Amino acid sequence: MKQVKWMVAVLLLAVLPWGVSLAQETASSINGTIVDSEGSVLSGATVIVTHEPTGQVKTLTTNESGRYSARGLRVGGPYNIEVRASGYSDSEEGNIFIKLGEDRTIDAILVADAVDLGNVTAVGVAPQSATFNPDNMGAGTSVSQEQITNLPTVDRNIQDYVRLDSRVNIRSFGDGISVSGVNSRFNNISIDGVGIGDPFGLEAAGTPGISQPFSLDTIQELNVQLSPYDVTLSNFTGANINAITKSGTNEFSGRVAFYYSNDDLQRDDADFTREVYSLSAGGPIIKDRLFFFVSYEKEEQTRLNNTSGVDTALAQQVADIAANVYGVDVGGFNAPSDLVTEEESIVVKLDWNINDYHRASFKYQNNEDAQPIFPNYGGGEISLSSHWYTNNWENKSYNLNLYSDWTANFSTELRISNSEFDKIPDLNSLLPSVEVQVGGGQSVWFGTEEFRHANELNVVTDNIYLEGNYFLGDHNLTFGVDWREQDIRNLFISQALGLYEFDSIEDFANGIHSRYEYNRGTNVPRPEANWSWENLGLFIQDNWTVNDRLTLQYGLRFDKPDAGSKPRLNQDFVDAYGFANNSTVSEGTIQPRLGFNYDMSDERYMQLRGGVGVFTGGTPNVWLSNSFTNTGGDLTFYSSNGIEDGMLFTLDPNNQPILEGSSRQNVDVLDPDFVIPTVLKSNIAVDAELPWYGLIGSVELEYIKAQDAIDYQHLNLGDPTGTLPDGRLSYYEDPLNFSGRRANANPDFNDVIYLTNTSKGDTKRATVSLELPQTEHWYAKASYTFTDATEASAGTSSRAISNWNNTPAFNPNQAMAATSAYEVENAFVFTTTYQNMFFGDNYTTIGLVWISQDGEPFSYTYSNDVNGDGIRDNDLVYVPMPDEYVLSDPSEQAEFEAFLRSSGLAQYRGRVAPRNAFKAPRINTVDLNVSQELPAWGPVRATLFFNVKNLGNLLDSDWGQILTAGFDGDDVYRLNSLEDGVYELDWNGPTRFSTNRFASQWRAQVGFRLDW
């Protein structure tokens, strides 16, 4: 689609002075209607909107409907608004603040001989709350700079703030942000409109590194949108999480902060320190014209490495054999006691008020993370230094924004951005991965870790977004183009240097291995996925103020993806399966959206809001890239379960054995009609000001339906050979021999994984909330959410084979909607802050967050391969009737029956227990922040603060525990045999929940900051 680039370039040249924004909100707006004391509209009135911190002025004239609109405004404030009309008294109102993406309504009434003291009011907005606004339609929440400062965070990540919405679930594994029953790959995370989420889809948390690539001290506001109906927003089916950085003003300001925690500030007494240094400053370069803002933050964590229970003499014996027999130095076993993880980020931002009608903003951002990894080191394993590596991430971006008003009715926004993400591990060796068993279930490892044999990632993203806004009477038309291109280089080949397993030290000395695996390039040693794809988005929308109560927003968006190249065609695959393996994404998606807000206010504020719309996108690039990496024609997999001839073992990574007749191809293939995941979202809500203390109550219902969700299938299972008594298909030669071999698979292929779409899966959600807007001392909000979410595939992994085999199933290739692995059925969140001056004019601030929610869902599975699909623990269990089973240990009968009752399995007797029908124990955590201002020293004010995460665990070691079962199921029992309808079972004991040790212990942070 090179012609698209030229088309966009021509558009840019035509409108370059006009202005900018990307497909995420980066600014805000103010609109309103000016009337006289009789209620008649005043056309031709002058409205002057002034951003007081920078002196930027917008002078507008009301149209024939008495309306004005000021767009492209900086987030925050304060703003001052003056209204003037010949023959009428002037009107003025100050101290107006606007939120990110908000189109704030500010109306005014002018009288002929006096100023109405209530003339400028934010219609429908209760004091200190932006809930009641005509543009408030979809579901979502905003987090202000004050909340970021005053609420508790020990980890200093955005997860601590997006969780304030009870509809958001922070996964206990990897801190992934989940909403609507989907994983973090379907979120879009951006700052100043530029995507800063993981651009490829590898990282569990959805961010391109250890945490988000910016300092919290740079953030002015954070916006979490679950169902916004604005067609300019794109590339998500989960949440749209957008932050905006601070900017410089006419006053010099800044912050220096230090955050510290160690092992004395947590329950775990293992040596640990964490230090964060943060510096930010902003101010004028030219007053009222040019401003700067810079930020730098460095974080360093030091913790003890794991300790191994393996006798170091055995590790030394393995190292000596490697050196003396094979002539290779595989390193030592004395891992450093301290693991030092580093994160570093920098932001440079310039804002330029070109004149009263044009402003520009430029930002450079860079972050680098480094994390040492010591795989297979701890417990019954020890690894030598050749097995260790360091994960390195780098993410940098540039973006230019221009905002322009051309007439009182026409404005434009434009954004141009470029970002580059690199993840390249630092390796200690280039050797095969070797495991030597040394007895007692213990092992010694050396050589390059198997998944690091060939593992490099580079993603370059370019964005151009052009938007026009035309203000016409009661209508505000928005239209534009949104173009994005990603160039992806992904090198990922596991076992590319060879992998060996030895059953003893003696076997290792003699080169007699019990397992060998090797992935080898057919034409080049290490083929890589080097590809690109573009997306062209076109949109048009109308915001219609129907009357003083009803506002409608309706529009249409079209996104058309197109890959720049295709995977290598594998003719063997075509001959075997009847279609090509080199399909790419090319089908466009039409996304109609409609939102509304109806003001039902009488004596108190009340509104009805809602909408419906189609959304597509996310960051599933790693799933699309699999078909470029695993074509079967570029990569051949060799394996053996034992070779007697020791000469077939070598530590030369460039000369691994090629086993005649053992080659089988792994192929990942995309459905030729595959569509980027798409959902239909809808909501309806009522917000009302209650009679007591200015409280705001809200009730919201949401329904989300998958239109094109993901589904993985294995095409090389072969035809089933029979059906087991519980109804599941079997692929064994003998369906009742559970240690047999798969029968009808194509021997020329190994795993053939097919990524396709399904319409199965939906989310039903209800939320009730009660908010106390900010008063002199208090702010509080409580919300409860009930969620019922189903899915066909959880998409838990970056690898196609893992996404298929990690999904517990009845029949492995049968797409069935089951409880989502990301569902939290009942969730309650309470947030409060309290401020008071107990010591002179110095604020004491207390912030608290209490979260109480159901545990994560899980499944019960067999611990062996029951259906012969080659995976031992993905088969959902059949729960036998009392007379249908025997235990291999009959003495466990009573305990087993009690377990079936207590676990909930008993309710499924005589049938298969559904996927994710069970929950881990409920989670209750309380986090606390206490900060104290110190007496001011000139313009400088100092603050001491203390944060505690999981306060309950500080009070009682049994409180605040976070338990999970295996994400791929709990292997509850083994099926040894099935004869005459009687199941012989080996019971593995009660549910084996694992404790998230890090999240379950209390941790604290102390800090000090200087603000001026």
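Residues numbered from 1 in each chain as written. Predicted model: local features only at pLDDT ≥ 70, side-chain atom pairs only at ≥ 80, totals over all residues. Heavy atoms only, no water.

(A) Highlighting the sheet that holds strand 50 (residues 885-887). Within the open sheet, the four strands sit side by side as 48-56-57-50. Their pairing is mixed. The two strands at the open ends of the sheet, each matched to only one other strand, are strand 48 (860-862) and strand 50. Strand-to-strand, the axes of this sheet are offset by a mean angle of 35°, without reference to chain direction. (Pairing = 2+ DSSP bridges. Helix = DSSP H or I, 4+ residues; strand = E, 2+ residues; numbered from the N terminus. Axes fitted to C-alpha atoms, helices over the stretch in contact; angles between N-to-C directions.)

(B) A look at the pattern of salt bridges. Going through the model one piece at a time under the given rule, you end up with 40 salt bridges. A network of salt bridges, in which partner residues are shared, links Asp-165, Arg-167, Arg-609, Asp-687, Glu-700, Glu-702 and Arg-765. (Salt bridge = Lys/Arg side-chain N within 4 Å of Asp/Glu carboxyl O.)

(C) Region of interest: the packing of aromatic side chains. As enumerated under the stated definition, the model contains 47 aromatic pairs in all. Chaining the aromatic ring pairs together yields one cluster made of Phe-858, Tyr-860, Tyr-862, Tyr-885, Phe-896, Phe-899, Tyr-908, Phe-918, Tyr-973, Trp-987 and Phe-993. Of note, Arg-359 hangs over the ring of Tyr-403, and the distance from its end group to the ring centre comes to 4.1 Å. The lysine or arginine in question, Lys-681, covers the ring of Phe-615, its NZ or CZ lying 5.6 Å from the ring centre. (Phe/Tyr/Trp six-rings, centres within 6.5 Å; stacked < 30°, edge-to-face > 60°. Lys NZ or Arg CZ within 6 Å of the ring centre and 35° of its normal.)

(D) Structural context of empty space enclosed by the protein. For the structure on display, the rule yields 11 cavities of 30 Å³ or more. The computed volume of the largest cavity comes to approximately 440 Å³. The set of elements that each furnish at least two residues to the lining of the largest cavity consists of strand 12 (188-191), strand 13 (194-195), strand 23 (410-423), strand 27 (454-472) and strand 28 (475-493). Of the residues belonging to the lining of the largest cavity, the class tally is 10 nonpolar, 20 polar and six charged. The volume enclosed by the second largest cavity comes to roughly 300 Å³. Forming the boundary of the second largest cavity are 26 residues, of which Gly-181, Val-182, Ala-706, Ala-709 and Glu-791 lie nearest the centre. (1 Å grid on protein atoms, 1.4 Å probe; cavity = no way out; pocket = protein on both sides within 12 Å on 5 of 7 lines; lining within 4 Å. Points joined across faces, edges and corners; volume = space filled by probe spheres on them. Nonpolar A, V, L, I, M, F, W, Y, C, P; charged D, E, K, R; others polar.)

(E) Inspection of the sheet that holds strand 13 at higher detail. Taken in spatial order, the five strands make up an open sheet running 9-14-15-12-13, and their pairing is mixed. Among the strands making up the open sheet, the edge pair consists of strand 9 (140-144) and strand 13. Looking at chain direction, strand 12 and strand 13 are connected through two bridges and run antiparallel. By the bridge assignment for strand 13, Ser-190 is matched with Gly-195.

(F) Fine view of a negative patch on the surface. Taken together, the side chains of Glu-52, Asp-90, Glu-92 and Glu-93 define an acidic patch exposed on the protein surface. Note on placement: Glu-52 falls in the loop between strand 2 (46-51) and strand 3 (56-61). (Patch = residues over 30% accessible without salt bridge, like charges linked within 9 Å, V, L, I, M, F, W, Y side chains within 5 Å. Areas by Shrake-Rupley, 256 points an atom, 1.4 Å probe, with all protein chains shown as cover. Lys, Arg positive; Asp, Glu negative; His and termini not counted. Charge placed at Lys NZ, Arg CZ, Asp CG, Glu CD.)

(G) Quick peek at the environment of Gly-282. Along the chain, Gly-282 falls in strand 17 (residues 272-286). Exposure remark for Gly-282: the relative accessible area of 2% places this residue in the buried category. For the pair Gly-282 and Arg-452, spaced 170 residues apart in sequence, the C-alpha separation works out to 42 Å. (Buried < 20%, exposed > 50% of the residue type's maximum accessible area, 1.4 Å probe, protein only.)

(H) Examining the side chain of Thr-62 more closely. By secondary structure assignment, the location of Thr-62 is in the loop between strand 3 and strand 4 (67-73). Classification of Thr-62 by relative accessible area gives buried; the value is 4%.

(I) A look at the pairing of strand 54 (residues 941-949). Alignment of strand 53 (residues 923-933) against strand 54, held across six bridges, turns out to be antiparallel. Paired with Asn-929 across the bridge in strand 54 is Asn-947.

(J) Here's a closer look at the nonpolar core. Counting residues in hydrophobic clusters, the biggest one holds 32 residues, and the most contacted among them are Val-330, Leu-384, Val-434, Val-436, Val-444, Phe-446 and Phe-508. Listed by contribution, the elements that provide at least two residues to this core are helix 4 (312-324), strand 25 (433-439), strand 26 (442-446), strand 29 (499-502), helix 5 (505-510) and strand 30 (515-521). The leading source of residues in this core is helix 4, at five residues. In this structure, Phe-508 is in contact with Val-318, Ile-321, Ala-322, Tyr-326, Val-434, Val-436, Phe-446, Phe-502 and Phe-649, ignoring residues within four places of it in sequence. (Core = buried A, V, L, I, M, F, W, Y, C linked by side-chain atoms within 4.5 Å. Contact = heavy atoms within 4.5 Å.)

(K) Geometry of the environment of Gln-665. Looking at the element boundaries, Gln-665 is found in strand 36 (residues 665-670). Sequence separation of Gln-665 and Asp-572 is 93 residues, and the distance between their C-alpha atoms is 9.6 Å. Once you skip the residues sitting within four places of it in the chain, Gln-665 turns out to touch Asn-570, Asp-572, Gly-632, Gly-633, Asp-748, Phe-749, Asn-750 and Asp-751. Separated by 3.3 Å, the side chains of Gln-665 and Asp-572 make a polar contact. (Polar contact = N/O pair within 3.5 Å; in protein donor to acceptor, adjacent residues only side chain to side chain.)

(L) Spotlight on unusual backbone geometry. The peptide bond linking Gly-77 to Pro-78 adopts the cis configuration, its omega dihedral lying at 5°. Structurally, the position occupied by Pro-78 is in strand 5 (residues 76-84). Even without being a glycine, Arg-156 presents a positive backbone phi close to 55°. On the secondary structure map, Arg-156 appears in the loop between helix 2 (145-150) and helix 3 (159-162).

(M) Structural view of the confidence of the model for the protein. Overall, the prediction assigns the protein a mean pLDDT of 89, with 95% of residues at 70 or greater. Mean pLDDT across the secondary structure elements of the protein bottoms out at helix 1 (residues 2-15), with 37, and peaks at strand 49 (residues 878-879), with 97. Confidence drops under a pLDDT of 50 for residues 1-23, and excluding neighbours within four residues, the segment shows 63 contacts in the predicted structure. Counted against residues more than four places away or in other chains, residues 114-129, with its pLDDT under 50, gives 42 contacts. (pLDDT = per-residue confidence, 0-100.)

(N) The arrangement of helix 9 (residues 893-903) in detail. All buried positions along helix 9 are accounted for by Phe-896, Glu-897, Phe-899, Leu-900 and Ser-903. Looking straight down helix 9, one finds that the buried residues subtend no more than 155° of arc, so they occupy a single side. Facing away from the buried side of helix 9 by over 90 degrees, the exposed positions are Ala-894, Arg-901 and Ser-902. Against the buried residues of helix 9 lie strand 48, strand 49, strand 50, strand 52 (918-919), strand 56 (970-979) and strand 57 (982-987). (Arc of directions from axis to C-beta.)

(O) Structural context of the pairing of strand 57. Burial along strand 57 is one-sided: the residues Tyr-983, Leu-985 and Trp-987 are buried and none of Val-982, Glu-984 and Asp-986 is. The pairing of strand 50 with strand 57 spans three bridges and is classified as parallel. Paired with Tyr-885 across the two strands is Tyr-983, which belongs to strand 57. The sheet contact formed by strand 56 and strand 57 spans six bridges and is antiparallel. Bridge pairing in strand 57 places Ser-977 opposite Glu-984. Where strand 56 hands over to strand 57, the hairpin turn is made up of two residues, of which Asp-980 adopts a positive phi near 55°.

(P) Structural detail: helix 7 (residues 621-629). Helix 7 sits mainly inside the fold: nine of its nine residues count as buried. Taken residue by residue, helix 7 has Asn-621, Val-622, Trp-623, Leu-624, Ser-625, Asn-626, Ser-627, Phe-628 and Thr-629 as its buried positions.

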